[in-house]
Amino acid sequence: MRGRGWWLVGFAVFAMLMALLGLAVGSVNIPLKDVWHSLFRAENGTYDVIILHVRLPEIITAIAAGAGLAAAGLLMQTIFLNPLAGPGVLGLTGGAALGVALVLLAQPLWAMMPLPQDLLVTLAALSGAIAVLLLITFADRRVDDGITLLILGLMVGYLSAALVSVLQASSEARALKGFVLWGLGSFGGMELTRLPWLLVPVAIGLILALTLVKPLNAMLIGDDHARTMGVDVDRVRRRSIWISGLLAGTVTAFCGPIAFLGLAVPHVARAFVRSADHRLLMPATILLGAGLALVCDLIVRGAWTGAVLPLNAVTSLLGVPVVLWVLLSGRKWAKR
Amino acid sequence: MVRNIDMELPAGSLTALLGINGIGKSTLLRTIAGLQLPLEGEVLVSGESVHSISATERARRIAVVLTGRPRTGMLDVETLVTLGRQPWTDRWGRIKNADHDAVEQALEQAGATHLRDRQVATCSDGEVQKVLIARALAQTTPVLLLDEPTAFLDLPNRAEIVRVLRSIAQAGNKAVFFSTHDLQLALDLSDRVVLMRSGEGLWQGTPREAMHSGELAKAFSGSGVSIDPLTGTHRFLP
């Protein structure tokens, strides 16, 4: 570790600066003084509505989504020992999308259920994500190379996309519109009152992910070596699956399927801290995930381009180069 | 397969496990390591069965280096060796001074001190083997098991690894047990050899006894290799 812990401070400061910028910049630029005023003063300020009801929920959503997806990505990369694993590639997001489609598009079916819609959507996304993860884990024991596993994940993704299209074709226009909007992916449009439904599961997932840092380190040198150091490999793998399902599922339920954040952020974090030690890498990935999601959000809202862009286009534009770099730099840690 | 496995690994000695491919050397090592259950019987370490103690307790008594090169990603040598402290650290894996000392000593004993800041991915196969041995040493166990630590290495590296193992056994008063296909190395450098012979039980004794009694030749009989009972050297029959 020796001094590398400072990266954590750096990433935290970066995330806070981006959050502050996110509050100030947008269709209306607000002076930092007024941002401060709206946030911390009791009396009403000019920009209270924009700050407190539009931008603050969006910033908080971006932080939770970025941190959650990045942590899920790191967990999956370690338990599958595959640098290209991530919630999107392995089909978790697709599974979650299918779950959400079942709720949003087949609404009459659920209307009689006495549950709030947010909870219903979250549960459906969770079930979808975890079902896919269990399927992938099952497959991982049978295929011996990482590439086959990734292709399997992509196939699961296509399959859920196909099922979603079938559902879309047979659903009514109003429900369809809601689902299509969700499918574009966005950090915005969350009301403050809905935030706890997102924040509580993500916070639980992140805390649980942090409790696994020690056994995850041991698993870096293979399951059997980890076992000989006293690690219950199967239990750690099972927990990692539930946790990454919880994180990716919840985020997808609220923000839509977001590409590449989960896959790319752990690699960027690794490149900075130059270590695979999860005691450092897990918090670094969480903080950097939050910071980079905020950057994406700023770009989406046209902070630098002046145009509103689709979130998934932005995350892909930033994520794809990272993935290409990982592929081409030939790191010796893909399954052989 | 081999039946009637009854053997001892005395502290302070280097024991080599010899036998043809597929006879069950890895299975035997994995069973002693507690990675798989024995079909019958039990494995005792300091008087207790390895399959009845907890995984952590087992890891404090038996360290294992498995065959092959693990895929390690962005892991530096020191971090990898420090993983060996896991059975001794708290749930967050916090490293105390005593742990640092154990890592330091392990690096030195394995001859890997000069590698400490290197990325594992950039190390040669011989260097990786030393690093893995250092990790097992950092576990500070009385028993060290290695599955083919000399596989894929060139002659000088093979000799060096076995010499390292020998000094570990003697200096650390450990029971070191390794499987190998390097007959000559095993006979020249180990204190004891264990032969796995198909259809019969294990044979154990000193290298000299193995040669002179003809047991060594018997273990490899019918394999197109002739073993000189006096010197233990082998020749390949045409």
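Whatever comes next refers back to the structure up there.
These figures come from a predicted structure and were not determined experimentally. (Residues numbered from 1 in each chain as written. Chains lettered and ligands numbered in written order. Predicted model: local features only at pLDDT ≥ 70, side-chain atom pairs only at ≥ 80, totals over all residues. Heavy atoms only, no water.)

*Asks:* What's the story with the overall build of chain A in this structure? I'm lost.
*Replies:* Helices and strands together make up the secondary structure of chain A, namely 15 helices and 0 strands. Its C-alpha atoms give chain A a radius of gyration of 20 Å, within 12% of the compact-globule value 20 Å for 336 residues. Expressed as lengths along the three principal axes of its C-alpha atoms, the size of chain A is roughly 60 × 55 × 35 Å. A burial count over chain A gives 55% of its 336 residues as buried. Put simply, chain A shows about 14500 Å² of open surface, and 71% of that area lies on carbon and sulfur atoms. Charge-centre separation for chain A: the mean point of 24 positive side chains lies 8 Å from the mean point of 16 negative side chains. (Helix = DSSP H or I, 4+ residues; strand = E, 2+ residues; numbered from the N terminus. Rg over C-alpha atoms; globule rule 2.2 N^0.38 Å. Buried < 20%, exposed > 50% of the residue type's maximum accessible area, 1.4 Å probe, protein only. Areas by Shrake-Rupley, 256 points an atom, 1.4 Å probe, with all protein chains shown as cover. Lys, Arg positive; Asp, Glu negative; His and termini not counted. Charge placed at Lys NZ, Arg CZ, Asp CG, Glu CD.)

*Asks:* Honestly, empty space enclosed by the protein in this entry has me stumped. Any pointers?
*Replies:* The method is simple in principle: a probe with the dimensions of a water molecule rolls over the atoms, and the space it marks as empty is what remains. Scanning the entire structure with this criterion turns up 3 cavities of 30 Å³ or more. By volume, the largest cavity is sized at about 100 Å³. As for the largest cavity, its lining consists of A:Lys214, A:Asn217, A:Asp277, A:Arg279, B:Thr79, B:Thr82, B:Leu83, B:Arg85, B:Gln86, B:Thr89, B:Gly93 and B:Ile95. Listing elements by their share of the lining of the largest cavity, those giving two or more residues are helix 10 (213–219) of chain A together with helix 3 (77–82) of chain B. A class-by-class count of the residues in the lining of the largest cavity yields 2 nonpolar, 6 polar and 4 charged. (1 Å grid on protein atoms, 1.4 Å probe; cavity = no way out; pocket = protein on both sides within 12 Å on 5 of 7 lines; lining within 4 Å. Points joined across faces, edges and corners; volume = space filled by probe spheres on them. Nonpolar A, V, L, I, M, F, W, Y, C, P; charged D, E, K, R; others polar.)

*Asks:* Quick question: what am I supposed to make of helix 13 (residues 261–273) of chain A here?
*Replies:* Along an α-helix, residues three or four positions apart point the same way, because every turn accommodates 3.6 residues. All names here are of chain A. Between its terminal C-alpha atoms helix 13 stretches 18 Å, which fits the 18 Å expected from 13 residues at 1.5 Å a residue. In terms of burial, helix 13 is a largely internal element, 11 of the 13 residues being buried. Within the sequence span of helix 13, burial applies to Leu 261, Gly 262, Leu 263, Ala 264, Val 265, Pro 266, His 267, Val 268, Ala 269, Arg 270 and Val 273. In this fold, the buried residues of helix 13 make contact with helix 1 (6–24), helix 3 (48–79), helix 14 (278–300) and helix 15 (311–328). Positive phi appears at Arg 274, one or two residues downstream of helix 13, with a value of about 50°. (Expected span 1.5 Å × (residues − 1). Contact = heavy atoms within 4.5 Å.)

*Asks:* How do you make sense of unusual backbone geometry when you look at a structure like this?
*Replies:* Trans peptide bonds make up the majority, and among non-glycine residues the majority have a negative phi. One non-glycine residue with positive phi stands out, namely A:Phe260, at about 75°. Take A:Phe260: it is sitting in the loop between helix 12 (233–255) and helix 13. A residue is classified by how much of its surface remains accessible, and A:Phe260, at 27% relative accessible area, is partly exposed. Here B:Ser46, not a glycine, exhibits a phi torsion of approximately 45°, which is positive.

*Asks:* Can you walk me through the packing of aromatic side chains in this structure?
*Replies:* What characterises a pair of aromatic rings is the spacing of the ring centres plus the angle enclosed by the ring planes. Evaluated as defined, the whole model comprises 5 aromatic pairs over all chains. Plain terms: the ring middles of A:Trp36 and A:Phe40 are 4.6 Å apart, the flat faces sit at 50° to each other, and that makes the pair tilted. Of this pair, A:Trp36 and A:Phe40 are both found in helix 2 (residues 32–40), 4 residues apart, which corresponds to roughly one turn of the helix. Taking relative accessible area as the criterion, A:Phe40 reaches 56% and is therefore assigned exposed. One cation-aromatic arrangement involves B:Arg91 over B:Trp92; the distance from NZ or CZ to the ring centre is 5.4 Å. (Phe/Tyr/Trp six-rings, centres within 6.5 Å; stacked < 30°, edge-to-face > 60°. Lys NZ or Arg CZ within 6 Å of the ring centre and 35° of its normal.)

*Asks:* I'm lost on helix 1 of chain A in this one. Help?
*Replies:* If you check helix 1 of chain A, its first and last C-alpha atoms are 27 Å apart, about what 19 residues at 1.5 Å a residue would give, namely 27 Å. Each element contacted by the buried residues of helix 1 of chain A is listed here: helix 2, helix 3, helix 13 and helix 14 of chain A.

*Asks:* Even after reading the chapter, I still don't get the sheet that holds strand 7 (residues 192–196) of chain B, so can you show me in this structure?
*Replies:* Residue and element names in this part refer to chain B. What the 6 strands build is an open sheet, ordered 4-5-6-1-7-8; its pairing is mixed. Unpaired on one side and paired on the other, strand 4 (62–65) and strand 8 (202–205) mark the two borders of the sheet. Along the sheet, successive strands turn relative to each other by an average axial angle of 15°, direction set aside. Taken together, the 4 bridges between strand 7 and strand 8 define a ladder with antiparallel strand orientation. Looking at strand 8, one finds that Val 194 is bridged to Gln 204. Across the sheet, helix 1 (residues 25–32) is in contact with strand 1 (13–18), strand 4, strand 5 (143–147), strand 6 (175–179) and strand 7; its angle to strand 5 comes to roughly 150°. (Pairing = 2+ DSSP bridges. Axes fitted to C-alpha atoms, helices over the stretch in contact; angles between N-to-C directions.)

*Asks:* It is not clear to me how the interface of chain A and chain B should be interpreted in this structure. Could you clarify?
*Replies:* The extent of an interface is frequently quoted as the accessible surface area lost upon association of the parts. Taken together, the contacts link 30 residues of chain A with 36 residues of chain B. Interface area for chain A against chain B, summed over the two sides, is near 2900 Å², with a carbon-plus-sulfur share of 57%. By the criterion of area lost to chain B, the three top residues of chain A are A:Lys214, A:Thr228 and A:Met229, representing 24% of everything that side buries. Taken together, the connections running from chain A to chain B amount to 1 salt bridge. A:Asp224 is the salt-bridge partner of B:Arg30, the closest N and O atoms lying 2.8 Å from each other. Put simply, chain A and chain B have 8 residue pairs in polar contact (both at pLDDT 80 or more) between them. Breaking the side of chain A that touches chain B down by element, the ones donating at least two residues are helix 9 (195–211), helix 10 and helix 11 (223–228) of chain A. (Buried area = accessible area lost by both parts, 1.4 Å probe. Salt bridge = Lys/Arg side-chain N within 4 Å of Asp/Glu carboxyl O. Polar contact = N/O pair within 3.5 Å; in protein donor to acceptor, adjacent residues only side chain to side chain.)

*Asks:* When you look at the side chain of B:Asp99 in this model, what are you seeing that I'm missing?
*Replies:* All names here are of chain B. When you line up the elements, Asp 99 lands in helix 4 (residues 97–109). One polar contact links the side chain of Asp 99 to the main-chain amide nitrogen of Lys 96, over a distance of 2.9 Å. In contact with Asp 99, other than residues within four places in its own chain, are Arg 85, Trp 88, Thr 89 and Arg 94.

*Asks:* Help me understand a nonpolar patch on the surface, please; the structure alone is not making it clear to me.
*Replies:* Residue and element names in this part refer to chain A. The grouping of Trp 6, Val 9, Val 13, Met 16 and Leu 17 at the surface amounts to a nonpolar patch, some 560 Å² of accessible area in total. Structurally, Val 9 can be placed in helix 1. When its relative accessible area of 43% is taken as the criterion, Val 9 is described as partly exposed. (Patch = residues over 30% accessible without salt bridge, like charges linked within 9 Å, V, L, I, M, F, W, Y side chains within 5 Å.)

*Asks:* Just checking my understanding: could you explain the pairing of strand 6 of chain B for this structure?
*Replies:* Looking down a regular strand, the side chains alternate between one sheet face and the other. Residue and element names in this part refer to chain B. Within strand 6, 5 of the 5 residues are buried, leaving the element largely enclosed by the surrounding structure. In strand 6, alternate side chains face the same way, and those of Ala 175, Phe 177 and Ser 179 on one face and Val 176 and Phe 178 on the other are all buried. As paired strands, strand 1 and strand 6 are joined by 5 bridges and run parallel to one another. Pairing of Leu 17 across the sheet is with Ser 179, part of strand 6. With 5 bridges connecting them, strand 5 and strand 6 associate as parallel partners. Residue pairing across strands places Asp 147 opposite Ser 179, the latter belonging to strand 6. This β-α-β element, strand 5 to helix 6 (residues 155–171) to strand 6, shows right-handed connectivity. (Right-handed = clockwise from strand over helix to strand, strands pointing away.)

*Asks:* Please explain the nonpolar core as it appears in this structure.
*Replies:* A general tendency of soluble globular proteins is for nonpolar side chains to be buried together. Ranked by size, the top nonpolar core spans 162 residues in total, and within it A:Phe80, A:Leu90, A:Phe187, A:Met282, B:Ile133, B:Leu165 and B:Leu216 carry the most contacts. If you look at the next biggest cluster of nonpolar residues, it comprises 21 residues, including B:Leu29, B:Ile32, B:Ile53 and B:Val143. (Core = buried A, V, L, I, M, F, W, Y, C linked by side-chain atoms within 4.5 Å.)

Functional significance is not addressed by these values, which are geometric in nature.
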